[in-house]
Amino acid sequence: MTICVSVNAANIEEAAEATAAAKELGADLVEIRFDLMENPMEDLTPLKDIDIPKLITLRSKSYGGEWESDDKARLQLYRRAVKAGFKLIDLEDDSSLLGSRDRDLRKAELLVSHHDLEGTPPESKLIEIMLQAGVKGDLAKGAFTVNTVEELHNLVKAGNLISMTGKKFVLLGMGEFGPITRLRYRRIGSSMTFASLESGKETAMGQIDITTLKKMEKGVITGIIGMPLGHSYSPTLHHNAFEAMDISGMYLKFPTRENEVPLIIDLMRDLNINGLNVTIPHKESVIEYLDKIEDSAEDVGAVNVIVNRKGRLIGMNTDVSGIAQAFKAANADVNGKRSLIIGAGGAARACAAFLRSEDADIFITNRTMPRAEEVASMFSGQAVGADEAINLEPDVVINCTPLGMKGFPSELPIDPKILRTGQVVMDVIYNPELTPLLIEAESRGCSIISGKEMLIYQAIDAFEAWTGQRPSYEVMAEAVRKEQE
Ligand code: NAP
């Protein structure tokens, strides 16, 4: 592993302290960002005795740094750094100093860097930039803001192609998609990754601190794909589990558009992402890109969990097992019971698969009746209109529409006349924990089950599929409480 810690310090004393700390933490190289110092011209003596290769960087304002002075001052500082034992000098790929024949500069290795704060270009352009930087110095470095899955794919594929030249280079992403490129840099072909000394001391967006990076060397990378992802509790649930169970792992968000589904699946293999949750709207469309679909997912026609087993991607559905465990924990026996599902989307199909496995009598009602008919035919159920549903006298009622969810109309999804003592009523919504339907049902003497239970159990099953270890209910419930605060 080659980790360069990028030091963000106000003065030389602080920089020396940070350099020593970085060495102690196992850094292989330290970059000192002189452009971030109050007085970059300070005496460099405090740094001299710290025995670790050092890189001097004066990042220009136009590339996200603070350096505004001219090339004369830049050259002066570089010369002093080389005299103080710095092994590497960072020069931006458009610097006029690149052609310099300065003898002092030639004593250090030149890292020729390119920064794009806007985005990541297509593969061919990125390769051109990196190869050009490579011929201008000893080591090319590219840092690109990665805004989308497509841009992440460009970066990874370009890195893989450049590595075929056999020449060393550094290629990293910045921004929301930055962390995965810094964790799995070797898989991109990059010979080095840049880290911060500690969290809060980052010198670029997407940087990870060295302690976490080291811990993650053999760690599990998981995450979620879908669009939008802002509402999801899953990152908190899984982070809580990693922490509580002392497993080195991360859960990252990959906002993914429909056309990017094959790309993220490709990246899952390329970057060795160990597991992914799949959410709206990709639970169905992802299926065709996977190597194997387990029966749980085949039944529902939807995948909410992908496990990467040595490059073989297995699709499964833990929504169904989550619902089953939620009913079991509530001691609610649905075997052979008359059950009404409201809604005909993904959650409704997961509920129907569970009810079918329990030989329940399944009825489905939905705003769009043809969809109810479609789901009913998949699960040997019956589609019923809202009026008809009122007279069904079901034992079990499950809401699978977003009505009552935060951000949606605070309405009952069905006429409350249907609710009566002794029924089991579940709402798959988990935010709020008690929906208008559950409040109404409880006041009418029904047993209620919150969508929070399904959320917790589906996450426990997913976590176990990815790590082989099963977190406790309490660990996940605590994460839900954190989200609700
Ligand atoms: P989906 O596939 O988009 O289906 C949504 C369903 O709700 C469709 O049947 C839709 O009817 C109906 N619907 C939407 N807006 C409606 C409205 N204003 N009035 C009446 N019906 C409406 O979504 P999903 O994946 O099934 O998710 C549904 C709910 O389940 C969401 O609230 C989601 O957060 C929750 N969920 C919870 C968990 C958990 O772990 N607890 C897991 C998955 C989902 P049409 O067919 O007419 O469009």
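Residues numbered from 1 in each chain as written. Predicted model: local features only at pLDDT ≥ 70, side-chain atom pairs only at ≥ 80, totals over all residues. Heavy atoms only, no water.

In this section: the sheet that holds strand β13 (residues 292-293). Sheet architecture is open: six strands sit in the order β11-β10-β12-β14-β15-β13, paired in mixed fashion. Edge positions in the sheet fall to β11 (249-255) and β13, since each has one partner strand and no second. Bridge count for strand β10 (residues 220-226) against strand β12 (residues 275-278) is four bridges, and the pairing is parallel. What sits directly across from I224, in β12, is N277. The strands touched by helix α9 (residues 234-244) are β10, β11 and β12; relative to β11, the strand with the most contacts, the crossing angle is about 165°. (Pairing = 2+ DSSP bridges. Helix = DSSP H or I, 4+ residues; strand = E, 2+ residues; numbered from the N terminus. Contact = heavy atoms within 4.5 Å. Axes fitted to C-alpha atoms, helices over the stretch in contact; angles between N-to-C directions.)

Our next topic: the pairing of strand β4 (residues 88-92). Taking burial as the measure, the five residues of β4 include five buried ones, the bulk of the element. Neither face of β4 is exposed, since L88, D90 and E92 on one face and I89 and L91 on the opposite face are all buried. As defined by bridge partners, strand β3 (residues 54-57) adjoins β4 across two bridges and the pair is classed as parallel. Paired with L55 across the two strands is L88, which belongs to β4. (Buried < 20%, exposed > 50% of the residue type's maximum accessible area, 1.4 Å probe, protein only.)

With that out of the way, let us pick up the site of the ligand. Residues in close proximity to the ligand total 21 residues, the closest being A344, N366, T368, R371 and V428. Note that an oxygen atom of the ligand is positioned 2.8 Å from one of the backbone N or O atoms of A347. Taking G451, its main chain carries an N or O atom lying 3.0 Å from a nitrogen atom of the ligand. Isolated, the ligand exposes 920 Å² of accessible area, and the fraction of that covered by the protein chains is 79%. Broken down by secondary-structure element, the contributors of at least two residues to the shell around the ligand are α13 (346-357) and α17 (451-467). With three residues, α17 is the single largest residue contributor to the shell around the ligand. Classifying every residue of the shell around the ligand by side-chain character gives 12 nonpolar, seven polar and two charged. (Near = heavy atom within 4 Å. Polar contact = N/O pair within 3.5 Å; in protein donor to acceptor, adjacent residues only side chain to side chain. Areas by Shrake-Rupley, 256 points an atom, 1.4 Å probe, with all protein chains shown as cover. Nonpolar A, V, L, I, M, F, W, Y, C, P; charged D, E, K, R; others polar.)

Read from one edge to the other, the open sheet built from six strands follows the order β18-β17-β16-β19-β20-β21, with strand pairing classed as parallel. For this open sheet the edge positions go to β18 (382-383) and β21 (447-449), each flanked by a neighbour on one side alone. In the sheet, strand β20 (residues 424-427) pairs with β21 via three bridges, with the strands oriented parallel. Residue pairing across strands places V425 opposite I448, the latter belonging to β21. Against the sheet, helix α12 (residues 318-329) touches β19 (396-399), β20 and β21, its axis set at about 140° to β20.

This part takes up the side chain of T145. Residue position: T145 is located in strand β6 (residues 139-145). Among the polar contacts listed, one links the side chain of T145 to the backbone oxygen of L117, at a separation of 3.1 Å.

What follows concerns the state of the cysteines. Scanning the entire structure with this criterion turns up zero disulfides. The thiol of C400 is not disulfide-bonded; the next cysteine sulfur, from C351, is found 3.6 Å away. Assessed through its relative accessible area of 11%, C400 is described here as buried. (Disulfide = S-S within 2.5 Å.)

Okay, the pattern of salt bridges next. Overall, the coordinates contain 24 salt bridges when judged by the stated rule. We note a salt bridge from D270 to K157, for which the minimum N-O separation is 2.7 Å. With D270 in helix α10 (residues 261-270) and K157 in helix α5 (residues 149-163), the pair connects residues that are 113 residues apart, well separated along the chain. The partner of E284 in a salt bridge is R349, and the shortest N-O contact between them spans 2.3 Å. In this pair, E284 is assigned in the loop between β12 and β13 and R349 in helix α13, connecting sequence segments 65 residues apart. (Salt bridge = Lys/Arg side-chain N within 4 Å of Asp/Glu carboxyl O.)

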